[in-house]
Amino acid sequence: MAAPSQDIHTTQTSDWYNAGQGPKVYGMRKFPYPYQAMLALSSDADSETLRKFNLVHRFINTTQQTPIGRGLGLDYADSIFMFNGNDHQAFIDLNHVPMANELTYFRGITAQPYAASVLDRYVQCGWVDTLHTYGDFSRVNEHTTVFRRSLAATAANALAKRGDHIEVWTDHGNKSNVDNFGSYRRAGFYQYQQGEVPGSPYYHTDITIPQGIHFVWPDTSSNQFVRDSVIFPLQLADGRRVWGFWRYTNEHYSPQGAVRWNWTPYGLREQLTEQHLRALEAKHGYAVVAQHLCGTPYPGVLPKDAVAALRLLAAHQHEGKVLVTRTSRLLHYNVAQQYVSYDVTHHFGRTYIHIRKISDPVFGAHQPSIDEIRGLTFYTSDPGRTVIELGDNPLPAPLIQHNASDGEHPSVGIRWFPPDTADHALTVPNIP
């Protein structure tokens, strides 16, 4: 089934450009050819250890043989904590690894590096693209907290110094996690979120948003697996604007309205079902699936039914149905697909698609980088005589992809990111 075309961005011009001689452009294909949908796994860093992180990423990202099985070769990026202020007495991995040894950038709530060099490498190679807040600050007594604004400044400065550019933020934990933001104006439970509130000792979005956070999951549940778009404008209490985004977090609610979360590996079989994936493809939708892939003490990290669910997802990608990608790439593509502005001209038998700008209503209109427009695809009567330009400059030939008809029209597109199935895993002494 063809992806629906979109022509709302097109302005045809004719005059002296011999408009009738070039191929006709019918509009945009919603997703890169041949895919019908796009999905990201968005996993939170709770109870993560380096052992579990490496096992999960070797299985999902690489194509090598792993203890879990042959790798899937999918584009998946994780989240990280910068600090650990969790005082729960729990073991989070084999050999009785305590919560105090949770995988974090700094040791505890100090400025002393813990796994900084490893996590820096994972940000740079693309295995990490999300901050799961500034840290795990969950406390047994959730009316107390160890978060301070100074920790936000320390974290932001450290990431900037290393060139670690992270654009996605997901909220975390109980009421001790006062650095959460995005849901402050909601009643009840969410009033503890102070990260966006000027005058609060926990205020930090004046540091965080200029540092580069563009997309925020504001601790909202959703049982909607398929969405036409997962992004929405979000205005914070300090007046700043970011993109909010939806994650699928649960399939059911109790009769009293309580969320029945299914976002651990034990819930993958309920999340990644044939029914869900077929609906995603049929509706040409987006899905961001919330998970905690390292969140259980299961010795093999991923139970057998979780492995089977991930293999099912991989099969849908390898069959050209669902494009699986990291969260940041999905969100940027969602913005570009909705807000790209382009026009079409014709000259001497060729047609030119001029991508002018991304008319981003949150961060402002701007001329995009190549990476921001990767995957954009245009239906045309003749791909070989249709040229895609950024402004008035043709894109390099290796970036252009000519596609056969998908049942609606042939198309020409900007190639998606090249696959990276290399093993970037590191092991470090004294980091379990």
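First things first, this report covers the structure right here in the doc. Worth saying up front: this structure is predicted, and the values here are computed from it rather than measured.

1. With respect to the overall build of the protein chain
Okay, step 1: What the protein chain contains, in helices and strands, is nine helices and 27 strands.
Okay, step 2: Relative to the compact-globule value of 22 Å for 432 residues, the protein chain shows a C-alpha radius of gyration of 23 Å, a close match.
Okay, step 3: Projected onto its principal axes, the C-alpha coordinates of the protein chain cover approximately 75 × 50 × 50 Å.
Okay, step 4: Taking all contacts inside the protein chain whose residues are at least 6 apart in sequence as the whole, residues at least 24 apart take part in 72%.
Okay, step 5: Carbon and sulfur atoms make up 52% of the accessible area of the protein chain, which totals about 16,900 Å².
Okay, step 6: For the protein chain, the separation between the mean place of its 36 positive charges and that of its 40 negative charges on side chains is 2 Å.

2. With respect to the pattern of salt bridges
A side chain with one charge can pair with a side chain of the opposite charge if their charged atoms come near.
Okay, step 1: Taken as a whole and assessed by the stated rule, the structure comprises 18 salt bridges.
Okay, step 2: Taking the shortest distance from any N to any O, the salt bridge between Arg 278 and Glu 274 comes out at 2.8 Å. Of this pair, Arg 278 and Glu 274 both sit in helix α6 (residues 274-282), four residues apart, which is roughly one turn of that helix.
Okay, step 3: Classification of Arg 278 as exposed rests on a relative accessible area of 55%.
Okay, step 4: Taking the shortest distance from any N to any O, the salt bridge between Asp 382 and Arg 385 comes out at 2.8 Å.
Okay, step 5: Judged by its relative accessible area of 25%, Asp 382 falls in the partly exposed class.
Okay, step 6: Arg 385 gets classed as partly exposed once you look at its relative accessible area, which sits at 34%.

3. Observations concerning unusual backbone geometry
Okay, step 1: The step from Tyr 33 to Pro 34 runs through a cis peptide bond, and the omega angle for that step is 5°.
Okay, step 2: Residue position: Pro 34 is located in the loop between β2 (25-29) and β3 (37-43).
Okay, step 3: A positive phi angle, close to 60°, is found at Thr 133, a residue other than glycine.
Okay, step 4: By secondary structure assignment, the location of Thr 133 is in the loop between β10 (128-131) and β11 (135-136).

4. Quick word on the pairing of strand β14 (residues 231-235)
Okay, step 1: Note: β14 against strand β15 (residues 241-245), five bridges, orientation antiparallel. Within β15, the residue paired with Ile 231 across the bridge is Phe 245.
Okay, step 2: Counted between consecutive antiparallel strands, the loop separating β14 from β15 contains five residues, among which Gly 239 sits at a positive phi close to 90°.

5. Points about the sheet that holds β3
Okay, step 1: Taken together, the three strands give an open sheet; going across it, the order is β18-β3-β19, and neighbouring strands pair in parallel fashion. The open sheet has two free edges, formed respectively by β18 (286-291) and β19 (322-324), since each of these has just one partner strand. Across the sheet, the mean angle separating the axes of adjacent strands is 25° when strand polarity is ignored.
Okay, step 2: When β3 meets β19, the two strands line up parallel, connected through three bridges. Each residue of the ladder has a partner; that of Ala 37, found in β19, is Val 322.
Okay, step 3: Against the sheet, helix α7 (residues 304-318) makes contact with β3 and β19, and its axis sits at roughly 115° relative to β19, the strand it touches most.

6. Some thoughts on the environment of Thr 325
Okay, step 1: If you trace the backbone, Thr 325 turns up in the loop between β19 and α8 (327-339).
Okay, step 2: The spacing of Thr 325 and Ala 156 is 169 residues in sequence and 26 Å in space, taken between C-alpha atoms.
Okay, step 3: With residues up to four places along the chain from it excluded, the contact list for Thr 325 reads Met 38, Leu 39, Ala 40, Leu 41, Asp 75, Leu 330 and Trp 416.
Okay, step 4: At 2.8 Å, the side chain of Thr 325 forms a polar contact with the side chain of Asp 75.

7. Describing the sheet that holds strand β12 (residues 168-170)
Okay, step 1: Across the sheet, which stays open at both edges, the six strands sit in the order β6-β10-β12-β13-β15-β14 with mixed pairing between neighbours. Two strands bound the open sheet, and with one partner strand each, they are β6 (78-80) and β14. Pairs of neighbouring strands in the sheet enclose a mean axial angle of 40°, with direction left out of account.
Okay, step 2: Note that β6 and β10 share three bridges and pair parallel. In the strand pairing of β10, Ser 79 is matched with Thr 130.

8. Examining α8
Okay, step 1: Compared with an ideal rise of 1.5 Å per residue, which puts 13 residues at 18 Å, α8 spans 18 Å between its outermost C-alpha atoms and is within 8% of the ideal.
Okay, step 2: Most of α8 is tucked away, with 10 of its 13 residues classed as buried.
Okay, step 3: Within the sequence span of α8, burial applies to Thr 327, Ser 328, Arg 329, Leu 330, Leu 331, Tyr 333, Asn 334, Val 335, Ala 336 and Gln 337.

Quick notes on the rules
Residues numbered from 1 in each chain as written. Predicted model: local features only at pLDDT ≥ 70, side-chain atom pairs only at ≥ 80, totals over all residues. Heavy atoms only, no water. Helix = DSSP H or I, 4+ residues; strand = E, 2+ residues; numbered from the N terminus. Rg over C-alpha atoms; globule rule 2.2 N^0.38 Å. Contact = heavy atoms within 4.5 Å. Areas by Shrake-Rupley, 256 points an atom, 1.4 Å probe, with all protein chains shown as cover. Lys, Arg positive; Asp, Glu negative; His and termini not counted. Charge placed at Lys NZ, Arg CZ, Asp CG, Glu CD. Salt bridge = Lys/Arg side-chain N within 4 Å of Asp/Glu carboxyl O. Buried < 20%, exposed > 50% of the residue type's maximum accessible area, 1.4 Å probe, protein only. Pairing = 2+ DSSP bridges. Axes fitted to C-alpha atoms, helices over the stretch in contact; angles between N-to-C directions. Polar contact = N/O pair within 3.5 Å; in protein donor to acceptor, adjacent residues only side chain to side chain. Expected span 1.5 Å × (residues − 1).

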